[in-house]
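# Descriptive structure summary
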Amino acid sequence: MATDSDGQTCVYKNTLLAGLWRENPVLRLLLGMCPTLAVTAAVKPAFTMGMCVVFVLVCSNVMVSLMRNMLKPHLRILMFTLTIATFVTIADLLLKAFQPDMSAALGPYVPLIIVNCIIIARAEACASKNPILLSIVDALSMGAGFTVALCVLAGIREVLGTGKFFDIQVMPKAFVPWAALSMPVGAFLTLGFLLGLVALITKKRS
Amino acid sequence: MDTVYLLITGFLSVVLINNLVLTKFLGICPYLGVSGRIDMAFGMGLAVTFVMTLSGTLTWLIDHMVLIPLGLEVTRYVCFILVIASAVQLVEMYLRKFFPPLYDSFGIFLPLITTNCAILGLCLFLNLWGIDSLLEAVVLSVGGGIGFTMAICIMAGIRENLRMVDVPECLQGAPITLITAGILSLAFMGFAGII
């Protein structure tokens, strides 16, 4: 009994840590690239986006886990998509009500969470096979990994691109902002070099 | 004459200036995934253009004929994704029945298009830009698809040549593709002045 619960704790701990580095959705699995590139010009929208994804991920994982025994194989992707679309609508309405300026800044990228591969991938790979608690842990871990990756990317782009961090001036007045980093170019370049850095670290470690 | 002018500028704008891939970051997954060879990239581009035209038009019609008159805007996202999924399914069945060679050449790309964010993205942008004529919605949908095809084919051409280049080991694969896309996006910014 004791060993069993130890094994259980181990599974939860592993799942919890997986999303942050080993299976980080953005940096290692290259999932959910569209929002990663689109909303990372500044940290605040990136963080808001991360929170929206965490909310949708947790809710859809819970729902999928609850109905995992009723799913028909050929209809499962459709059911996943509809579940996700419903929760994205809820997230969008919440954002419009409580953070109207963020909702305007994120624009269509909030509804685009519906086709974010991370959420379907987790529903398919984890929630449709595992009980609720493990699915929630998995969702939190993946969501946290996504948010952290977004915030790192946005941090680099905001500090170098505008000289600010979370709208607060951090660079000295004499610093000339690299305006290109706030533009679409900067998103592609920063993510490219960040992925290169991650590949380098992985290689050094092994 | 004004309408024609508006349609032409709209078309150019969505193909070159507001290119879905390079400025709106939509459809990045297939952009990174199937841009290895030009023929595959072109096939993917054609399939996306086709589905985008169909679903852009259909979602615009549903939005303006059903959802807005009935005040059901809240169900917009669920309806849009359903329309796209069924459009893809219909196209797949139609092609399999009437154009088997074309169906074989599309292969796995067709079902994958359902989760291509460029399609849903375009439908949402049509709504966001406040497009109020059907003709304009159709033209913009075709333009979005052509813009995607162009971007993915250019990238495939570059990547075919990139294979002969000595890329640092840690930048091989996705990183160098993203950096190339960045430079490409910089080049496309030059189009911003033409309208």
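Right, let's walk through the structure included here. Everything numeric in this text was worked out from a predicted model, so none of it was measured.

### Looking at the overall build of chain B
Scanning chain B for helices and strands turns up nine helices and zero strands. Counting from the amino terminus, helix and strand elements in chain B follow one another as α-α-α-α-α-α-α-α-α. What you see for chain B is a C-alpha radius of gyration of 18 Å, in line with the 16 Å of a compact globule of 195 residues. Its C-alpha atoms give chain B principal-axis dimensions of roughly 60 × 45 × 30 Å. In chain B, of all internal contacts separated by at least 6 residues, the share reaching a separation of at least 24 is 76%. Summed over all atoms, the accessible surface of chain B reaches about 8,900 Å², with 71% contributed by carbon and sulfur. Here chain B carries 7 positive and 11 negative side-chain charges, and the mean point of each set is 8 Å from the other.

### Points about the layout of surface pockets
One number sums up the size of the largest pocket: a volume of about 510 Å³. Looking at the largest pocket, it is lined by 17 residues, and the ones nearest its centre are A:Ile77, A:Leu78, B:Ala85, B:Gln89 and B:Thr114. Per-element accounting of the lining of the largest pocket gives the leading share, six residues, to helix 4 (residues 76–98) of chain B.

### Some details on the side chain of A:Thr190
Residues and elements named next belong to chain A. Here threonine 190 lies in helix 8 (residues 184–205). Using a relative accessible area of 10% as the deciding quantity, one classes threonine 190 as buried. A polar contact of 2.5 Å, which involves the side chain of threonine 190, links it to the backbone oxygen of glycine 186. Not counting residues within four places of it along the chain, the set of residues in contact with threonine 190 comprises Leu153, Ile156, Arg157 and Leu181.

### Some remarks on the packing of aromatic side chains
All names here are of chain B. Under the defined criterion, the tally for this structure stands at six aromatic pairs over all chains. When the centroid spacing of 5.4 Å and the interplanar angle of 70 degrees are considered together, the rings of phenylalanine 188 and phenylalanine 191 count as edge-to-face. The exposure class of phenylalanine 188 is buried, given its relative accessible area of 7%. Take phenylalanine 191: its relative accessible area is 30%, and that puts it in the partly exposed class. One aromatic cluster is present, formed by Tyr94, Phe98 and Phe99 through successive ring pairs.

### Looking at the pattern of salt bridges
Residues and elements named next belong to chain A. Under the definition given, this model contains six salt bridges over all chains. In this structure, the salt-bridge partner of arginine 76 is glutamate 124, at a minimum N-O distance of 2.8 Å. With a gap of 48 residues between them, arginine 76 in helix 4 (residues 76–98) and glutamate 124 in helix 6 (residues 117–127) connect regions that are remote in the sequence. Since its relative accessible area comes to 25%, arginine 76 is described here as partly exposed. Given a relative accessible area of 25%, glutamate 124 falls into the partly exposed group. Between aspartate 138 and arginine 122 there is a salt bridge; the shortest N-O distance is 2.9 Å. Of this pair, aspartate 138 sits in helix 7 (residues 132–162) while arginine 122 sits in helix 6; the two residues are 16 residues apart in sequence, bridging distant segments of the chain.

### Some remarks on empty space enclosed by the protein
With the rule as written, the count across this model stands at two cavities of 30 Å³ or more. Empty space within the largest cavity amounts to approximately 40 Å³. For the largest cavity, the full set of lining residues is A:Gly32, A:Met33, A:Cys34, A:Pro35, A:Leu112, A:Val115, A:Asn116, A:Cys117, B:Cys29 and B:Cys117. For the lining of the largest cavity, the element with the most residues is helix 2 (residues 33–38) of chain A, which contributes three residues. Residue classes in the lining of the largest cavity are distributed as eight nonpolar, two polar and no charged. If you add up the space inside the second largest cavity, you get close to 30 Å³. Taken together, A:Cys34, A:Pro35, A:Met49, A:Tyr109, A:Leu112, A:Ile113 and A:Asn116 make up the lining of the second largest cavity.

### Considerations on the interface of chain B and chain A
Put simply, an interface is often sized by how much accessible area is lost when its parts join up. The partner chain A presents 37 residues to the 36 residues of chain B that form the contact. If you look at where chain B meets chain A, you find one salt bridge. Its salt-bridge partner being B:Glu169, residue A:Lys203 comes within 3.8 Å of it at the nearest N-O pair. The interface formed by chain B and chain A holds two residue pairs in polar contact (both at pLDDT 80 or more) in total.

### Topic: the nonpolar core
A:Ile113, B:Ile28, B:Tyr31, B:Ile113 and B:Leu120 are the most contacted members of the largest nonpolar core, which totals 97 residues. The element that contributes the greatest number of residues to this core is helix 3 (residues 43–66) of chain A, accounting for 10 residues. In contact with B:Ile113, not counting residues within four places along its chain, are B:Met44, B:Ala47, B:Val48, B:Val51, B:Val88 and B:Ile119. Residues A:Met67, A:Leu71, A:Ala123 and A:Ala127 belong to the second largest nonpolar core, which totals six residues.

Cut-offs and rules
Residues numbered from 1 in each chain as written. Chains lettered and ligands numbered in written order. Predicted model: local features only at pLDDT ≥ 70, side-chain atom pairs only at ≥ 80, totals over all residues. Heavy atoms only, no water. Helix = DSSP H or I, 4+ residues; strand = E, 2+ residues; numbered from the N terminus. Rg over C-alpha atoms; globule rule 2.2 N^0.38 Å. Contact = heavy atoms within 4.5 Å. Areas by Shrake-Rupley, 256 points an atom, 1.4 Å probe, with all protein chains shown as cover. Lys, Arg positive; Asp, Glu negative; His and termini not counted. Charge placed at Lys NZ, Arg CZ, Asp CG, Glu CD. 1 Å grid on protein atoms, 1.4 Å probe; cavity = no way out; pocket = protein on both sides within 12 Å on 5 of 7 lines; lining within 4 Å. Points joined across faces, edges and corners; volume = space filled by probe spheres on them. Buried < 20%, exposed > 50% of the residue type's maximum accessible area, 1.4 Å probe, protein only. Polar contact = N/O pair within 3.5 Å; in protein donor to acceptor, adjacent residues only side chain to side chain. Phe/Tyr/Trp six-rings, centres within 6.5 Å; stacked < 30°, edge-to-face > 60°. Salt bridge = Lys/Arg side-chain N within 4 Å of Asp/Glu carboxyl O. Nonpolar A, V, L, I, M, F, W, Y, C, P; charged D, E, K, R; others polar. Core = buried A, V, L, I, M, F, W, Y, C linked by side-chain atoms within 4.5 Å.

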